[in-house]
Amino acid sequence: VQLQASGGGLVQIGGSLRLACAASGGAFTSYTGAWFRQAPGKDREFVAAFKHTNHSPYYTDSVKGRFTIPRNSADNTLYLQMNSLKPEDTAVYYCAAGRPIVTTISRATAYAYWGQGTQVTVSS
């Protein structure tokens with residue numbers, strides 16, 4: 001499975017962005033799709049995932065109520081809608097696909113396929 005992430009950019013505090021992760025060679029209906037992010041000097045952290053087996057979204061606490069990962073789309077693309085952006089959301093965002101169980105859904109090691117990163121910068 002090849003993943004291509006896009007949609008990053010520079011946005012002001014409180015603004016919105018929608019990231020997209022297009023998949024080829026495999027379908028997101030057969031994989032859990034996830035977003036991770038990595039800020040400078042920090043470890044890669046889980047942001048959100050949509051689990052294909054139970055059709056449920058999962059979010060890290062810091063983005064709940066602000067970010068949305070829609071259910072699988074017909075165009076085989078995983079989206080991340082980011083609203084009310086904060087400076088601490090600044091990071092390189094990566095999309096991933098895999099088949100984690102619920103207890104490992106936030107672990108980067110549970111995902112076999114990764115896209116390249118897309119930079120999100122939130123500034124005042």
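Each value, and the rule that gives it
- Residues numbered from 1 in each chain as written.
- Predicted model: local features only at pLDDT ≥ 70, side-chain atom pairs only at ≥ 80, totals over all residues.
- Heavy atoms only, no water.
- Salt bridge = Lys/Arg side-chain N within 4 Å of Asp/Glu carboxyl O.
- Helix = DSSP H or I, 4+ residues; strand = E, 2+ residues; numbered from the N terminus.
- Buried < 20%, exposed > 50% of the residue type's maximum accessible area, 1.4 Å probe, protein only.
- Phe/Tyr/Trp six-rings, centres within 6.5 Å; stacked < 30°, edge-to-face > 60°.
- Lys NZ or Arg CZ within 6 Å of the ring centre and 35° of its normal.

Undergrad: So what exactly am I meant to see when it comes to the pattern of salt bridges here?
TA: Applying the stated criterion across every chain, the model contains four salt bridges. Note that Asp89 is salt-bridged to Arg37, the shortest N-O span being 3.0 Å. Highlighted residues: Asp89 in the loop between strand S8 (77-82) and strand S9 (91-98) and Arg37 in strand S4 (residues 32-38), separated in sequence by 52 residues. The class for Arg37 is buried, based on a relative accessible area of 4%. Among the salt bridges present, the one from Asp61 reaches Lys64, with a minimum N-O distance of 3.0 Å. Judged by its relative accessible area of 47%, Lys64 falls in the partly exposed class.

Undergrad: What should I look at first to understand the packing of aromatic side chains in this one?
TA: To describe a pair of aromatic rings, you give the distance between the ring centres and the angle between the ring planes. Across all of its chains, the model carries five aromatic pairs by this definition. Measuring from ring centre to ring centre gives 6.4 Å for Tyr111 and Trp114, while their planes differ by 70°; the resulting arrangement is edge-to-face. The exposure class of Tyr111 is buried, given its relative accessible area of 5%. Accessibility expressed as a relative area gives 28% for Trp114, which makes it partly exposed. Site record: aromatic cluster; members linked through ring pairs are Phe36, Phe46, Tyr111 and Trp114. If you follow Arg44 out to its NZ or CZ, it ends over the ring of Trp114, 4.9 Å from the centre. One Lys or Arg, Arg99, reaches over the ring of Tyr31 and ends 4.2 Å from the middle of that ring.

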